[in-house]
Amino acid sequence: MSHPVRFSPSVEQPEADEAETIRQLEEQFRKILDITSRDYGHAVRSVHAKGHGLASGTFRVHDGLPPELAQGLFARAGEFEAILRLSTNAGDILDDSISLPRGIALKILGVEGERLPGSEGDTTQDLILVNGPAFAASTPRQFLGNLKLLASTTDKAEGAKKVLSAFLRGAEAALEAVGGSSSTLTTLGGAKPVHPLGATYYSQTPYRYGDYLAKFQLVPVSGIKDYANETINASGRPDAIRTAVNELMVEQGGTWELRVQLCTDLERMPVEDAAVIWDEKESPFRTVATLTVPPQIAWEDPASDLLEDKLSFMPWHGLLAHQPLGGVNRARRDPYRMSADYRGRFNGCPIHEPAALADLRG
């Protein structure tokens, strides 16, 4: 196996106009928030607005990890409380028949250590993952272009979106039949309508991993893995995903492994191009922790809606040892914080990072 690349600030190479791109990204996030808040009378997230499940469990860092994997949060064995949120990626609350990528946001509680700027005083580590190995944009500028397209369709003709989604699913299926895929098609509504609990999730973007660089993967390993190819028919069922998640979570809960892929070559495994899939033959994903979620109700109105308002998930909640890397991650920092602050002000429910699951009750 190749030796992992050691972290240095020089692995990042910001674009000259990146600050202006980030300013425009924040503008587009705010546009989405203004539209949806006006429509709903309530502020929701500017991306991944619709939650399909919230569940709590235990995150266990494995003992006996080799030195290159025993880094940061994973430097020593231990157990932590954790909460995960399942979602789809649009900034408005859409009928589930509009087929979008699935996301899992994981918050690990009680994590001690030197913090990332903006998360001082917190004791949480967030991981944001999506059921595809590559981000839909290579650079912050491309991210901005995609977000402008999504912002322009927010609050527009849900019926037309359903028709477009069906067309895009067909186009994506045709690409897959010949061994291809399009992150743009799936982002706009052509994603395969898979069961969220059977999917494998990826950080897509790189992170510092203590002395090294890595991407993360969350893989179902209990009985829920049997649902990897299960699709959800949402025709006439606007909240079909919540129903499917609830049924399976109540029946059996779930267990996932968190795996790490170390960067071993900066040219073939770039930091600044988020659309490049790092070759697993060059550097395989390796297990460092297990997430166990016991059987429970994953969505219950109005309790789950209230919990949604209390929580935020973002790549920059965490340890300095797991600093998000690359342009797309740098571009997400300020807009995500703005979005959380906006929700807190609009809803009159300031968002605070929990120190323990008990903080979220009541």
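To start, this report covers the structure provided alongside it. (Residues numbered from 1 in each chain as written. Predicted model: local features only at pLDDT ≥ 70, side-chain atom pairs only at ≥ 80, totals over all residues. Heavy atoms only, no water.)

## Digging into empty space enclosed by the protein
One way to see where empty space is left: roll a probe the size of a water molecule over the atoms.
Thinking step 1. Evaluation of the coordinates by the stated rule reveals 2 cavities of 30 Å³ or more.
Thinking step 2. Approximately 60 Å³ is the volume found for the largest cavity.
Thinking step 3. Lining the largest cavity, in full, are K50, H52, T88, A90, D92, L94, D95, D96, I98, L100, R102 and I241.
Thinking step 4. Across the lining of the largest cavity, the residue classes break down as 5 nonpolar, 2 polar and 5 charged. (1 Å grid on protein atoms, 1.4 Å probe; cavity = no way out; pocket = protein on both sides within 12 Å on 5 of 7 lines; lining within 4 Å. Points joined across faces, edges and corners; volume = space filled by probe spheres on them. Nonpolar A, V, L, I, M, F, W, Y, C, P; charged D, E, K, R; others polar.)

## Some thoughts on the packing of helix α1 (residues 18-40) against helix α2 (residues 140-153)
Thinking step 1. Packing of α1 against α2 leaves a shortest axis separation of 10 Å and a crossing angle of 20°. Relative to α2, α1 is oriented roughly parallel. α1 and α2 meet at a crossing whose hand is left-handed. Side by side, α1 and α2 meet where E18, T21, Q24, L25, Q28, F29, K31, I32 and I35 of the first sit next to P140, R141, F143, L144, L147, K148 and A151 of the second.
Thinking step 2. By residue class, the composition of the contact of α1 with α2 is 9 nonpolar, 3 polar and 4 charged. (Axes fitted to C-alpha atoms, helices over the stretch in contact; angles between N-to-C directions. Helix = DSSP H or I, 4+ residues; strand = E, 2+ residues; numbered from the N terminus. Parallel < 35°, antiparallel > 145°, perpendicular 65-115°, else oblique. Left-handed = near helix turned anticlockwise from the far one by under 90°. Contact = heavy atoms within 4.5 Å.)

## A look at the packing of α1 against helix α7 (residues 327-347)
Thinking step 1. One can describe the packing of α1 onto α7 by two numbers: an axis separation of 9 Å at closest approach and a directional angle of 30°. The two elements α1 and α7 meet at a crossing, and its hand is right-handed. On α7, the residues touching E18, I22, L25, E26, F29, R30, L33, D34 and S37 of α1 are G327, R330, A331, D334, P335, Y336, M338, S339, Y342, R345 and F346.
Thinking step 2. The class makeup of the residues in the contact of α1 with α7 is 10 nonpolar, 3 polar and 7 charged.

## So, the side chain of R332
Thinking step 1. With respect to the helices and strands, the residue R332 is situated in helix α7.
Thinking step 2. No salt bridge is formed by the buried R332; the nearest opposite charge belongs to D126, separated by 11 Å.
Thinking step 3. At 2.7 Å, the side chain of R332 forms a polar contact with the side chain of N329.
Thinking step 4. If we ignore the near neighbours within four places in the chain, the residues touching R332 are F135, F143, T205, Y207 and P315. (Buried < 20%, exposed > 50% of the residue type's maximum accessible area, 1.4 Å probe, protein only. Lys, Arg positive; Asp, Glu negative; His and termini not counted. Salt bridge = Lys/Arg side-chain N within 4 Å of Asp/Glu carboxyl O. Polar contact = N/O pair within 3.5 Å; in protein donor to acceptor, adjacent residues only side chain to side chain.)

## Regarding the nonpolar core
Thinking step 1. Ranked by size, the top nonpolar core spans 45 residues in total, and within it F59, F74, Y209, F216, W256, L258 and V288 carry the most contacts.
Thinking step 2. Per-element accounting of this core gives the leading share, 6 residues, to helix α5 (residues 240-252). (Core = buried A, V, L, I, M, F, W, Y, C linked by side-chain atoms within 4.5 Å.)

## Brief notes about the packing of aromatic side chains
Thinking step 1. Inspection of the entire model under this criterion finds 9 aromatic pairs.
Thinking step 2. Ring geometry for F29 against Y336: centres 5.9 Å apart, planes inclined by 50°, an arrangement best described as tilted. With F29 in helix α1 and Y336 in helix α7, this pair connects stretches of sequence that are 307 residues apart. Neither residue differs from the other here; F29 and Y336 are each classed as buried.
Thinking step 3. Sitting over the face of the ring of W299, R242 holds its NZ or CZ atom 3.9 Å from the ring centroid. (Phe/Tyr/Trp six-rings, centres within 6.5 Å; stacked < 30°, edge-to-face > 60°. Lys NZ or Arg CZ within 6 Å of the ring centre and 35° of its normal.)

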